[in-house]
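# Analysis of the macromolecular model
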Amino acid sequence: MKKWLLIPILSVLVLLTGCQKTASKPQIMTTFEPMYEFTKAVVGDKVDVAMIIPANQEVHDYEPSAKQVAQMTDASAIVYNSNDLEKWVPSVKTSATKIEAASAVDQIAGDPHTWISPKQAIKEVKYIQEELSKKFPEYKTDFAKNAEAYLIKLEALDAQFDTLKNAKQKTFITQHEAFSYLARDYDLKEIAVTGIDPDVEPSASALANLKKEMEKAGLKSVYVEENANSKIADTLAKSAGADTLLINTVESLSDAQRKAGDNYISLMQENLKSLQKTIK
Ligand SMILES: [Zn+2]
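Residues numbered from 1 in each chain as written. Predicted model: local features only at pLDDT ≥ 70, side-chain atom pairs only at ≥ 80, totals over all residues. Heavy atoms only, no water.

### Overview of the layout of surface pockets
Estimated volume of the largest pocket: approximately 280 Å³. Among the elements of the structure, strand 5 (171–176), strand 6 (189–194) and helix 8 (231–239) are those that each provide at least two residues to the lining of the largest pocket. The dominant element in the lining of the largest pocket, judged by the number of residues it contributes, is helix 8, at three residues. Of the residues assigned to the lining of the largest pocket, the class counts are five nonpolar, seven polar and four charged. (1 Å grid on protein atoms, 1.4 Å probe; cavity = no way out; pocket = protein on both sides within 12 Å on 5 of 7 lines; lining within 4 Å. Points joined across faces, edges and corners; volume = space filled by probe spheres on them. Helix = DSSP H or I, 4+ residues; strand = E, 2+ residues; numbered from the N terminus. Nonpolar A, V, L, I, M, F, W, Y, C, P; charged D, E, K, R; others polar.)

So this is what it looks like as structure tokens:
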């Protein structure tokens, strides 16, 4: 190589390594929407927070890319919901602190949908705050202040959901069994078209039974999800002469929802309004 070429190449290399050294704000990797929002609410701008599962992607069968695994290896902490949902987190080899938010929750065996109950979301935010304060003791006071402000909003949301307890008609039918915590905590009864994992489809006889259950409970609406395939729930609604209403598991946000500034709290408020149409 000619000597005159070597000098610019070397200076580019020096610049590149220099850049890498200065961009070293610690990073927390979070798995999906609620984990990202809860973590961001606690840390504010003190630490970088990234989300692994992109918009419009289903959390149940997601597998991280090699690049994302590398990011998790380099991260300071990984915040995820539970070993039953993001099943790949325990096997990531990293020195990052792994924070399993649902470990703070009174869990229903095998059901990871803890965040859909505001009562459990409150516990998860407190746990994330405690664990991240151990990891970043220098920001303990900031994290406590940030969490307090967010918890006030979650407690208001919880109080709004508590009003459902006064309803006479408490049964609702959903596309996938994601609302067991909500049902348990607010004294409701959920019937689900597909199981905890939405990819496991019901048999024809199971669908016939669901139709009977709907008739018995006098249900005229099936709750379907905006961001997932609702084909089976739609078919059931049609055969039972029922309509469909939207409900959101907050497992991911669509691009449109993100652009509109939607978040866990706004989507849960929409869920409440939707539930109040049949639970009354
Ligand atoms: Zn789910």
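### Describing helix 5 (residues 140–162)
The terminal C-alpha atoms of helix 5 lie 31 Å apart, and with 23 residues this matches the ideal 33 Å at 1.5 Å per residue to within 8%. Looking at helix 5, one finds that the buried residues are Phe143, Ala147, Tyr150, Leu151, Leu154, Leu157, Asp158 and Phe161. Buried residues along helix 5 sit against helix 2 (33–43), helix 4 (118–135), helix 6 (180–185) and helix 10 (264–275). (Expected span 1.5 Å × (residues − 1). Buried < 20%, exposed > 50% of the residue type's maximum accessible area, 1.4 Å probe, protein only. Contact = heavy atoms within 4.5 Å.)

### Brief notes about the coordination of the zinc ion
In this structure, His60 (NE2), His113 (NE2), His176 (NE2) and Glu251 (OE) serve as the protein donors to the zinc ion, at separations of 2.0 to 2.1 Å. One can describe the site at the zinc ion as tetrahedral: its four donor atoms subtend angles covering 100 to 121 degrees at the metal. Here the donor residues of the zinc ion are spaced in sequence according to H-x52-H-x62-H-x74-E. Of this pair, His176 sits in strand 5 while Glu251 sits in the loop between strand 8 (243–247) and helix 9 (255–259), and the two are 75 residues apart along the sequence. Residue class for His176 comes out buried when judged on its relative accessible area of 1%. (Donors = N, O, S within 2.8 Å, 3.2 Å for Na, K, Ca; no water. Tetrahedral: all angles 85-135°; square planar, octahedral: opposite > 155°, others 65-115°.)

### Observations regarding the sheet that holds strand 2 (residues 48–51)
Strand pairing in a sheet is mediated by backbone hydrogen bonds. Such pairs are either parallel or antiparallel. The parallel open sheet is built from four strands, whose spatial order is 2-1-3-4. The outermost strands of the open sheet, each flanked by one partner alone, are strand 2 and strand 4 (97–100). Taking each pair of neighbouring strands and ignoring which way they run, the sheet shows an average axis angle of 20 degrees. Across four bridges, strand 1 (residues 27–30) lies against strand 2 in parallel orientation. Paired with Ile28 across the strands is Val49, a residue of strand 2. Along the sheet, helix 2 contacts strand 1, strand 2 and strand 3 (77–80); its crossing angle with strand 2, the most-contacted strand, is approximately 175 degrees. (Pairing = 2+ DSSP bridges. Axes fitted to C-alpha atoms, helices over the stretch in contact; angles between N-to-C directions.)

### Brief notes about the environment of Lys273
As for its placement among the helices and strands, Lys273 is situated in helix 10. A relative accessible area of 58% means that Lys273 is categorised as exposed. Distance in space between the C-alpha atoms of Lys273 and Ile247 is 9.5 Å, their sequence separation being 26 residues.

### Let's talk about the side chain of Asp158
Mapping Asp158 onto the fold places it in helix 5. Sequence-distant contacts of Asp158, defined by excluding residues within four places in its chain, comprise Pro118, Lys119, Ile122 and Tyr186.

### Focus: the pattern of salt bridges
Evaluated as defined, the whole model comprises eight salt bridges. Two residues, Arg184 and Asp106, come together in a salt bridge whose shortest N-O distance is 3.9 Å. With Arg184 in helix 6 and Asp106 in the loop between strand 4 and helix 4, the pair connects residues that are 78 residues apart, well separated along the chain. Assessed through its relative accessible area of 34%, Arg184 is described here as partly exposed. Asp158 is the partner of Lys119 in a salt bridge, and the nearest nitrogen-oxygen pair spans 2.7 Å. You can see Lys119 sitting in helix 4 and its partner Asp158 sitting in helix 5, a full 39 residues away along the chain. You can call Lys119 partly exposed: its relative accessible area is 23%. (Salt bridge = Lys/Arg side-chain N within 4 Å of Asp/Glu carboxyl O.)

### Observations regarding a negative patch on the surface
Residues Asp61, Glu63, Asp197, Asp199 and Glu201 make up a contiguous surface patch of negative charge. Along the chain, Asp199 turns up in the loop between strand 6 and helix 7 (204–217). (Patch = residues over 30% accessible without salt bridge, like charges linked within 9 Å, V, L, I, M, F, W, Y side chains within 5 Å. Areas by Shrake-Rupley, 256 points an atom, 1.4 Å probe, with all protein chains shown as cover. Lys, Arg positive; Asp, Glu negative; His and termini not counted. Charge placed at Lys NZ, Arg CZ, Asp CG, Glu CD.)

### What to know about the pairing of strand 5
Taken across its six residues, strand 5 has six buried, putting it largely inside the fold. One ladder, built from five bridges, connects strand 5 with strand 6; its direction is parallel. Bridge pairing links Ile173 to Ile191 in strand 6. Handedness of the crossover joining strand 5 and strand 6 through helix 6: right-handed. (Right-handed = clockwise from strand over helix to strand, strands pointing away.)

### Observations concerning a positive patch on the surface
A surface patch of like charges, here positive, comprises Lys25, Lys40, Lys46 and Lys145. Considering the arrangement of structural elements, one finds Lys46 in the loop between helix 2 and strand 2.

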